[in-house]
Amino acid sequence: MKRYDMIVVGAGPAGLSAAIEAAKHGVKPIVFDENAKPGGQLFKQIHKFFGSKEHKAKIRGFQIGKELLAEAEQYGVEVVLNAAVVGLYPDREITVRVGEQLQHYKGDSILIATGASENMVNFKGWTLPGVIGAGAAQTMMNLHHILPGKRVLMLGSGNVGLVVSFQLMQAGCDVVALCDAAPRIGGYGVHAAKVARCGVPFYLSHTIVEAEGTDCVTGVTIGQVGPDWKIVPGTEKHFDVDTICLAVGLSPMSQLLSQAGCNMLDTKGGYVPACDADGQTSQLGVFAAGDVSGIEEASSAMIEGRISGIAMAAYLGFATQEEKESRKAELEAQLDTLRQGMFAPKNRGKNIQKTEEGIDISSNLLAHGFVADDEIERFPGVTKQRRIHPVIECTQNIPCNPCQDACRKGCIKIGSNITSLPVVDEEHPCIGCGMCVASCSGQAIFLIEEEVEPGYGEVTMPYEFFPLPKVGDHGIAYGRNGKAVCACEVTNIRTSPAFDHTNLLTIKVPSNMLMSARFYRAEEA
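A brief look at the structure comes next.

This paragraph deals with the layout of surface pockets. Here the second largest pocket is characterised by a volume of approximately 430 Å³. If you go around the second largest pocket, you meet 15 residues; those closest to its centre are Ile46, Asn142, Gln170, Glu464 and Phe466. Breaking the lining of the second largest pocket down by element, the ones donating at least two residues are helix H3 (134-142) and helix H4 (159-170). Its residues assigned to classes, the lining of the second largest pocket shows 7 nonpolar, 6 polar and 2 charged.

What follows is the structure, encoded as structure tokens:
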């Protein structure tokens, strides 16, 4: 039996972060992961993260994964892949299946960072090939470069459903609809808005009645859910699809902790271990971090992992209590920042009516996925000026501030409260550099130039689709609701390493369409 200071089960964001943090203090950790590649969910995530610099904001998930792996190598963290931990026993002993062999290890401390698995829902035809989890679709696209299907219906309007819907379209799929049994959009409004302006209709208070097909999915029927959660007769709607994606939540993979005899809690978020402030379970020396201890974003998982890492280093005697408390306080402050705003754990399930600034929440956004034209100008980031200026359609209090950091001229202000709505400061003129547009993790910032010629102005928008248009191309501008609003002409397309693969597309539209045009499509041949 081999012995290690610290054994980590799971080489995802929490596990790697914990191992790195502990290794910085001289701990020799070993990390086991059942997959062929480390990094967990990060390498599937091609979108930019929210938060601040400390949370890796505006950096794409797969790039964060690369940075974590490089840091792990730098500090000598040993990572063993294709290694499934099949047992966790008293005295911190584990059994690992590597190939056809079972190997035994003992740790002076053990961290379980096994993450979560996708939930499923039952409906007629749910076992047909073509019914897949949204995470599985993301794996197929972003890791294996395989299209999950051509015509897709998404069930679930949380961040996973919204993000994967957009990525499906980026990969070339046609997302025919997004539905959810809940009466309101569950994820960030900016994620919903970028899906809606691509023309995807939202069906809230709807769920799947039946997946159609014999050998595989050929269609799907959805229906409206009544107050009794049953389908309302006569509300059925049919779509021809070959793929149904399910984004209906995650469940912590806490089986090893339960097997080890840890005290477990049956919560709304799943079966999780009872942990103290260090992430230590009821079993001495056994810790948990990341989704296995409660479902949150990957940014939170990385910080939780760091907290467990420094706590384990102190537990093992590699760090002093003073070092632990100092580092832990710093990390907890970062974590607390992410747990603020409309989507904070304390606000889950609440129907919030006003922003922190006292502005009425967009009811249309919650019901249909986009802010209505008669609602948008109530938000402080939406202004009108003669010169070029940003229009910031960020309408919810979410923890994010890259736009403030990106604007070197001080034109965009959020302040010390990271969840505050962005404000455009007209005393500091915009120079049109576009860094705010490229840096916005929610793709919610546009540059407007009111009058480039009589009767016409320009809109610069984030654009992450291929093929890229060319200057001089004529196309159709679409509104926030995904409906065509006017003809337009491409006048500029900017790419730069500083934009990190977010292209800046500028279109010329009639002046009365400047506050409506938010997406571009080429004219059909």
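Moving on to helix H1 (residues 13-23). Within H1, 11 of the 11 residues are buried, leaving the element largely enclosed by the surrounding structure. Buried within H1 are the following residues: Pro13, Ala14, Gly15, Leu16, Ser17, Ala18, Ala19, Ile20, Glu21, Ala22 and Ala23.

Overall, the coordinates contain 24 salt bridges when judged by the stated rule. Among the ionic pairs, Lys324 bridges to Asp278, the shortest N-O distance being 2.8 Å. Taken together, the residues Lys324 in helix H8 (residues 321-338) and Asp278 in the loop between strand E18 (270-273) and strand E19 (286-288) connect sequence positions 46 residues apart. Grouping residues by exposure puts Lys324 and Asp278 together as buried. Measuring nitrogen to oxygen at the nearest pair gives 3.5 Å for the salt bridge that ties Glu377 to Lys384. Given a relative accessible area of 48%, Glu377 falls into the partly exposed group.

Let us now look at the packing of aromatic side chains. Per the stated rule, a full pass over the model turns up 10 aromatic pairs. Their ring planes at 65° and their centres at 5.8 Å tell us that Tyr203 and Phe239 sit as a pair that is edge-to-face. On the criterion of sequence distance, the pair formed by Tyr203 in strand E11 (residues 202-204) and Phe239 in strand E14 (residues 237-239) is long-range, its members being 36 residues apart. Joined through ring pairs, the aromatic side chains of Phe166, Tyr463, Phe465 and Phe519 make up one cluster. Sitting above the plane of the Phe166 ring, Lys194 keeps its charged end 4.7 Å from the centroid. Across the ring face of Tyr478, the terminal group of Arg521 is positioned such that the distance to the ring centre comes to 5.0 Å.

A few words now on H3. All of the buried residues in H3 are Ala134, Gly135, Ala137, Gln138, Met141 and Asn142. Around the axis of H3, the buried residues are gathered within 155° of arc, so they sit on the same side. Elements in contact with the buried residues of H3: strand E7 (116-118), strand E8 (131-133), strand E9 (151-155), H4 and strand E15 (243-246).

Time to look at the packing of H1 against helix H2 (residues 61-74). Axis separation between H1 and H2 bottoms out at 9 Å; the angle between their running directions is 30°. On the basis of the axis angle, H1 is roughly parallel to H2. In terms of crossing hand, the pair formed by H1 and H2 is left-handed. Of the residues in H2, those touching H1 at Pro13, Leu16, Ser17 and Ile20 are Leu68, Leu69, Glu71 and Ala72.

On to the side chain of Gln138, then. Mapped onto the secondary structure, Gln138 falls in helix H3. Judged by relative accessible area, which is 7%, Gln138 ranks as buried. Polar side-chain contacts of Gln138 include one of 3.5 Å to the backbone oxygen of Lys44. Those residues in contact with Gln138 that lie beyond four places of it in its chain are Lys44, Gln45, Leu143, Val163, Val164 and Gln167.

So, on to the sheet that holds strand E12 (residues 206-212). Taken in spatial order, the 3 strands of this open sheet run E12-E13-E14, and their pairing is antiparallel. Of all strands in the sheet, those bounded by a partner on one side alone are E12 and E14. Ignoring strand direction, the axes of neighbouring strands in this sheet form an average angle of 25°. Two strands pair when backbone bridges link them, and strand E13 (residues 219-224) and E14 are joined in this way by 3 bridges, in the antiparallel orientation. Residue pairing for E14: Ile222 is matched across the bridge by Lys237.

This paragraph deals with the sheet that holds strand E23 (residues 445-453). Spatial ordering of the open sheet is given by E20-E23-E24-E27-E26-E25-E28, a layout of 7 strands whose pairing is antiparallel. Two strands in the sheet have a free side with no partner beyond their single neighbour: strand E20 (389-392) and strand E28 (519-522). Taken over all neighbouring pairs, the strand axes of this sheet differ in orientation by 40° on average, direction set aside. Relative to strand E27 (residues 503-510), strand E26 (residues 484-494) is paired through 5 bridges, and the arrangement is antiparallel. Of the residues in E27, the one forming a bridge with Asn492 is Thr506.

This brings us to the packing of H3 against H4. Closest axis-to-axis distance for the H3/H4 pair is 10 Å, and the angle between their directions is 30°. In terms of crossing hand, the pair formed by H3 and H4 is left-handed. Between H3, through Ala134, Ala137, Gln138, Met141 and Asn142, and H4, the contact on the second element is made entirely by Val160, Val163, Val164, Gln167 and Leu168. In terms of residue class, the contact of H3 with H4 is built from 7 nonpolar, 3 polar and no charged.

Time to look at the nonpolar core. Grouped together as the largest cluster of nonpolar side chains are 53 residues, with contacts concentrated most on Leu168, Phe202, Ile507 and Val509. Looking at this core, the element that brings in the most residues is H4, giving 5 residues. Counting 31 residues, the second largest nonpolar core, distinct from the first, contains Ala11, Ala23, Ala113 and Ala319.

Residue placement: Leu143 occurs in the loop between H3 and E9. Judged by relative accessible area, Leu143 falls into the partly exposed class, the value being 33%. Residues Leu143 and Asn417, spaced 274 residues apart in sequence, show a C-alpha to C-alpha distance of 36 Å. Apart from residues no more than four positions distant in its own chain, Leu143 is found in contact with Phe43, Lys44 and Gln138.

Let's shift gears to the environment of Ser165. Considering the arrangement of structural elements, one finds Ser165 in helix H4. C-alpha of Ser165 to C-alpha of Ala134: the two residues are 31 residues apart in sequence and 8.5 Å apart in space. Residue contacts for Ser165: discarding those within four places in its chain leaves Met154, Val175, Leu178 and Val195. Of the polar contacts made by the side chain of Ser165, one reaches the backbone oxygen of Gly161; its length is 2.7 Å.

What counts, and at which threshold
Residues numbered from 1 in each chain as written. Predicted model: local features only at pLDDT ≥ 70, side-chain atom pairs only at ≥ 80, totals over all residues. Heavy atoms only, no water. 1 Å grid on protein atoms, 1.4 Å probe; cavity = no way out; pocket = protein on both sides within 12 Å on 5 of 7 lines; lining within 4 Å. Points joined across faces, edges and corners; volume = space filled by probe spheres on them. Helix = DSSP H or I, 4+ residues; strand = E, 2+ residues; numbered from the N terminus. Nonpolar A, V, L, I, M, F, W, Y, C, P; charged D, E, K, R; others polar. Buried < 20%, exposed > 50% of the residue type's maximum accessible area, 1.4 Å probe, protein only. Salt bridge = Lys/Arg side-chain N within 4 Å of Asp/Glu carboxyl O. Phe/Tyr/Trp six-rings, centres within 6.5 Å; stacked < 30°, edge-to-face > 60°. Lys NZ or Arg CZ within 6 Å of the ring centre and 35° of its normal. Arc of directions from axis to C-beta. Contact = heavy atoms within 4.5 Å. Axes fitted to C-alpha atoms, helices over the stretch in contact; angles between N-to-C directions. Parallel < 35°, antiparallel > 145°, perpendicular 65-115°, else oblique. Left-handed = near helix turned anticlockwise from the far one by under 90°. Polar contact = N/O pair within 3.5 Å; in protein donor to acceptor, adjacent residues only side chain to side chain. Pairing = 2+ DSSP bridges. Core = buried A, V, L, I, M, F, W, Y, C linked by side-chain atoms within 4.5 Å.

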